[in-house]
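What follows is the residue order along each chain.
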Amino acid sequence: MPRDIKYKYVVHLPWKHGDTISNWNEKCIWALETFGRPGDKYQTVSNEHAMDFYFVNEKDAIHFSLVCL
């Protein structure tokens with residue numbers, strides 16, 4: 001999790017059986033096109049289990065989760 005407390009709204013995207021590189025590319029590209037590069041509006045953290053998106057704005061987190069979950 002990012003140490004900066006301004007990123008308090010998290011969307012947790014677990015890796016799922018059957019996920020493809022194309023699926024993840026589409027999600028990440030959509031996030032870049034919609035919210036810009038990580039840093040101002042959100043940050044990401046990934047590991048072997050999932051990719052977490054931490055947002056500054058609750059509405060952005062909800063919008064992202066509606067599209068990507």
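Note that the coordinates shown come from a computational prediction; the quantities given were computed from them, not determined experimentally.

Draft legend 1. Molecular detail of the confidence of the model for the protein. Taken as a whole, the protein shows an average pLDDT of 92; of its residues, 96% reach a score of 70 or greater. Across the protein, the element-wise mean pLDDT spans from 93 in helix 1 (residues 21–35) up to 96 in helix 2 (residues 58–68).

Draft legend 2. Highlighting the nonpolar core. If you look at the biggest cluster of nonpolar residues, it comprises 12 residues: Val11, Leu13, Trp24, Ala31, Phe35, Tyr42, Met51, Phe53, Phe55, Ala61, Phe64 and Cys68. Listing elements by their share of this core, those giving two or more residues are strand 1 (9–14), helix 1, strand 3 (50–55) and helix 2. The residues touching Phe35, leaving out its near neighbours within four places in the chain, are Trp30, Lys41, Tyr42, Phe55, Asp60, His63 and Phe64.

Draft legend 3. Geometry of the sheet that holds strand 1. One open sheet accounts for 3 strands, arranged 1-3-2; its pairing is antiparallel. In the strand order of this sheet, the two ends are held by strand 1 and strand 2 (42–46), each with one partner. The mean angle between the axes of side-by-side strands here comes to 20°, regardless of whether they run parallel or antiparallel. Where strand 1 meets strand 3, 6 bridges bridge the pair, whose relative direction is antiparallel. Directly across from Tyr9, in strand 3, lies its bridge partner Phe55. Sheet contacts for helix 1: strand 1, strand 2 and strand 3; angle to strand 3, the most-contacted strand, approximately 10°. Against the sheet, helix 2 touches strand 1 and strand 3, its axis set at about 15° to strand 1.

Draft legend 4. Looking closely at the packing of helix 1 against helix 2. For the pair helix 1 and helix 2, the least separation of the axes is 11 Å and the interaxial angle reads 150°. Judged by the inter-axis angle, helix 1 sits roughly antiparallel to helix 2. Crossing geometry of helix 1 relative to helix 2 is assigned as right-handed. Residue-level contacts link Lys27, Trp30, Ala31, Thr34 and Phe35 of helix 1 to Asp60, His63, Phe64, Val67 and Cys68 of helix 2.

Draft legend 5. Structural detail: the packing of aromatic side chains. Inspection of every chain in the model, using the stated rule, returns 9 aromatic pairs. With centroids separated by 6.1 Å and ring planes inclined at 35°, the aromatic side chains of Trp30 and Phe64 adopt a geometry described as tilted. Residue Trp30 is located in helix 1, and its partner Phe64 is located in helix 2; the two are separated by 34 residues in the primary sequence. Cluster of aromatic residues (ring-pair linked, three or more members): Trp30, Phe35, Tyr42, Phe53, Phe55 and Phe64. Above the face of the Trp24 ring, Lys27 is positioned so that its terminal group lies 4.7 Å from the ring centre.

About the thresholds
- Residues numbered from 1 in each chain as written.
- Predicted model: local features only at pLDDT ≥ 70, side-chain atom pairs only at ≥ 80, totals over all residues.
- Heavy atoms only, no water.
- pLDDT = per-residue confidence, 0-100.
- Helix = DSSP H or I, 4+ residues; strand = E, 2+ residues; numbered from the N terminus.
- Core = buried A, V, L, I, M, F, W, Y, C linked by side-chain atoms within 4.5 Å.
- Buried < 20%, exposed > 50% of the residue type's maximum accessible area, 1.4 Å probe, protein only.
- Contact = heavy atoms within 4.5 Å.
- Pairing = 2+ DSSP bridges.
- Axes fitted to C-alpha atoms, helices over the stretch in contact; angles between N-to-C directions.
- Parallel < 35°, antiparallel > 145°, perpendicular 65-115°, else oblique.
- Left-handed = near helix turned anticlockwise from the far one by under 90°.
- Phe/Tyr/Trp six-rings, centres within 6.5 Å; stacked < 30°, edge-to-face > 60°.
- Lys NZ or Arg CZ within 6 Å of the ring centre and 35° of its normal.

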